[in-house]
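Chain residues, written in single-letter form:
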Amino acid sequence: MDLTEIETFLALSEELHFGRTAERMRLSQSRVSQLIRSLERRIGAPLFTRNSRRVALTPLGEHTRRTFGVAYAGLRKSYDEACAIAQGMVGTLRVGFLGCLNGPPLTDMVVDFGRRHPACDVTVSEVPWPDPYGPLRTGEIDVLLTVLPIDEPDLKVGTVVVSHDRVLAVSLDHPLVERESVDIEDLADWALLDGPTELPEALRHGFCPPFTPLGRPLRRGAGGRTYQEALHRVATGETVWTTHAGLFHAYRHPGVVHLPLSGLPPANGALVWRTDTENVKIRAFTSLAAQMASGDASALAPSTTAKDR
């Protein structure tokens, strides 16, 4: 039995249109007609009724669609599992993330990767803000979604997959709270939250630079070790925080608001992994993330046509 005939039959039974089926299967319309006629000859009776305006399944076609559909799904699953084993796409991929980047696109990447590679489990865990790269280096996670910039020679940085506008977090009674927006040059007179003392210097300066673009020094104030501790310090009026809008998708404090902040580049997030542990699972996940970030529609679902195999 020709598997391409079965795939074409199942596609036509869903589309009920030879043109759309041909496009979906990446075949010519005449080839689709040929495959359907060949299958009908094998079975010994028509599976579709056709006229110039309509394509419909016959009662036998309906029965065949149900039985072939179940059998094909099982065959496809076995095929995909065999390919996954051959390619090393089995076991577990451990993904870490900074809490301020939780949500899309991370969830989209994990869900779509799971659909593409069902034989590979994906676990997702939050990494600590003070030590974002530690779990990578100890082998607790394989790949990390974190904020740029990164200056770590042992880590490889992938494509930017998320970008957030910069904002300034202030307390409800702070003098700046009445502003519609704030520029980084306006902050030389205020203490800026510095974040955990263990933060890598490149990451620290990316969020709290030592000088404004015009060269005015920026004063740093003590920061918390978690995002909630940082928000608490802002709420008490001890400091203001040059953070990004993505953080407020996941965290809130009733005493803190955030204002648009200009003068700093957007907060970009990317996947990062150890160069000495890169493997087929990491390459597949980071490649998918890059496709999704570029808006490549083919990244949304794996192809299942015979031609692709």
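The model shown is predicted, which means the values in this text are computed figures rather than measured ones.

Let's shift gears to the packing of aromatic side chains. Here the structure, examined in full by the defined rule, presents 6 aromatic pairs. Consider the rings of Phe9 and Phe68, whose centres lie 5.9 Å apart with planes at 85 degrees: the pair is edge-to-face. Of the two residues, Phe9 sits in helix H1 (residues 3-15) while Phe68 sits in helix H4 (residues 59-87), which places them 59 residues apart along the sequence. Both residues of the pair, Phe9 and Phe68, belong to the buried class. Ring geometry for Tyr227 versus Tyr251: centroids 5.1 Å apart, planes at 45 degrees, classification tilted. Here Tyr227, found in helix H8 (residues 227-235), pairs with Tyr251, found in the loop between helix H9 (247-250) and strand S12 (256-262); they are 24 residues apart in sequence, far enough to count as distant.

Turning next to empty space enclosed by the protein. Counted according to the given criterion, the structure contains 1 cavity of 30 Å³ or more. As a volume, the largest cavity reaches approximately 180 Å³. Lining the largest cavity are 18 residues, with Trp129, Leu199, Leu203, Phe207 and Trp241 positioned closest to its centre. Considering each element in turn, the lining of the largest cavity owes the most residues, 4 residues, to strand S11 (residues 241-244). Of the residues belonging to the lining of the largest cavity, the class tally is 12 nonpolar, 4 polar and 2 charged.

Right, let's get into the confidence of the model for the protein chain. Taken over all residues, the pLDDT of the protein chain has a mean of 90, while the share at 70 or more is 93%. This stretch, residues 299-309, has a pLDDT under 50; its non-local contacts, to residues over four places away or in other chains, come to 30 contacts.

Right, let's talk about the pairing of S11 for a bit. Residues of S11 alternate between two faces, with Trp241 and Thr243 on one and Thr242 and His244 on the opposite face, all of them buried. For strand S7 (residues 166-171) and S11, the ladder comprises 4 bridges, and the chain directions are antiparallel. The residue bridging Ala169 from the neighbouring strand is Trp241, located in S11.

This next bit is on the pattern of salt bridges. Applying the stated criterion across every chain, the model contains 19 salt bridges. Residue Arg24 pairs with Glu14 through a salt bridge whose shortest N-O separation is 2.9 Å. On the criterion of sequence distance, the pair formed by Arg24 in helix H2 (residues 18-25) and Glu14 in helix H1 is long-range, its members being 10 residues apart. Accessibility expressed as a relative area gives 56% for Glu14, which makes it exposed.

Reading the values: rules and limits
Residues numbered from 1 in each chain as written. Predicted model: local features only at pLDDT ≥ 70, side-chain atom pairs only at ≥ 80, totals over all residues. Heavy atoms only, no water. Phe/Tyr/Trp six-rings, centres within 6.5 Å; stacked < 30°, edge-to-face > 60°. Helix = DSSP H or I, 4+ residues; strand = E, 2+ residues; numbered from the N terminus. Buried < 20%, exposed > 50% of the residue type's maximum accessible area, 1.4 Å probe, protein only. 1 Å grid on protein atoms, 1.4 Å probe; cavity = no way out; pocket = protein on both sides within 12 Å on 5 of 7 lines; lining within 4 Å. Points joined across faces, edges and corners; volume = space filled by probe spheres on them. Nonpolar A, V, L, I, M, F, W, Y, C, P; charged D, E, K, R; others polar. pLDDT = per-residue confidence, 0-100. Contact = heavy atoms within 4.5 Å. Pairing = 2+ DSSP bridges. Salt bridge = Lys/Arg side-chain N within 4 Å of Asp/Glu carboxyl O.

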